[in-house]
Amino acid sequence: MNRYARQWSLLAALVGFLVLAGCSSNKGQSETPASSSQAGPESAAPSGEAEPGESAQTLAPAATVAGIWTQIAEEQGKLSAAIQSGQLKDVHHLAFGIRDLVVALADKANAASPASSAKLNGMVGQVKASATKLDELGDAGNLSGTQAEFAKLETVLGAIKSLTGGK
């Protein structure tokens with residue numbers, strides 16, 4: 001029970017932070033568009049839609065399922081390298097990037113093959129949960145837990161790949 005309470009409080013804190021960061025970001029852009037302190041973030045995320053600190057990690061999904069699988073493989077490699085080198089602060093950006101690519105992949109695969117969509121959507125939920133867990137473990141500096149969760153994520157991705165015909 002304590003675990004769920006902690007998860008909900010972390011989620012509430014994250015949502016609050018994102019709301020405050022979004023409001024302060026928009027306020028800063030509208031009040032001082034030419035200030036030198038605003039030039040860096042504006043150039044990194046000109047649309048203002050990306051979350052702070054994640055604009056560099058946002059990937060536009062490829063147009064095809066095969067293309068998205070290529071992107072997922074690249075992100076998996078980066079995540080594996082970050083974990084192996086102990087760079088746990090980078091884990092959440094990479095894990096959430098994989099999560100977002102898997103969601104885009106599921107959208108394309110469900111459109112192509114609606115028969116397997118329920119099973120695929122269940123696996124997408126597992127990827128989302130795994131990305132959240134990787135974020136928590138990485139933030140806590142738990143290397144062995146992060147390694148174990150990454151292994152679980154790779155297993156789920158393998159199952160999704162089999163289901164969607166990824167190469």
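Residues numbered from 1 in each chain as written. Predicted model: local features only at pLDDT ≥ 70, side-chain atom pairs only at ≥ 80, totals over all residues. Heavy atoms only, no water.

## Notes on the packing of helix H5 (residues 117-140) against helix H6 (residues 143-164)
Where H5 contacts H6, the axes come no closer than 9 Å and their chain directions differ by 160°. With respect to H6, the element H5 is oriented roughly antiparallel. Here the hand of the crossing between H5 and H6 comes out left-handed. In contact with Lys119, Leu120, Met123, Val124, Gln126, Val127, Ser130, Lys133, Leu134, Leu137 and Gly138 of H5, H6 contributes Gly145, Thr146, Glu149, Phe150, Leu153, Val156, Leu157, Ala159, Ile160, Leu163 and Thr164. Of the residues belonging to the contact of H5 with H6, the class tally is 13 nonpolar, six polar and three charged. (Axes fitted to C-alpha atoms, helices over the stretch in contact; angles between N-to-C directions. Helix = DSSP H or I, 4+ residues; strand = E, 2+ residues; numbered from the N terminus. Parallel < 35°, antiparallel > 145°, perpendicular 65-115°, else oblique. Left-handed = near helix turned anticlockwise from the far one by under 90°. Contact = heavy atoms within 4.5 Å. Nonpolar A, V, L, I, M, F, W, Y, C, P; charged D, E, K, R; others polar.)

## Notes on the environment of glycine 138
Locating glycine 138 in the fold gives a position in helix H5. For the pair glycine 138 and histidine 92, spaced 46 residues apart in sequence, the C-alpha separation works out to 7.0 Å. In this view, glycine 138 contacts Leu88 and Thr146; residues no more than four positions away in its chain are not counted.

## Comments concerning the pattern of salt bridges
Considering all chains together, one arrives at four salt bridges under this definition. With a closest N to O distance of 3.2 Å, glutamate 75 and lysine 78 form a salt bridge. On the criterion of helical spacing, the pair formed by glutamate 75 and lysine 78 is a turn pair, its members being three residues apart in helix H3 (residues 65-84). With a closest N to O distance of 3.9 Å, glutamate 149 and lysine 152 form a salt bridge. (Salt bridge = Lys/Arg side-chain N within 4 Å of Asp/Glu carboxyl O.)

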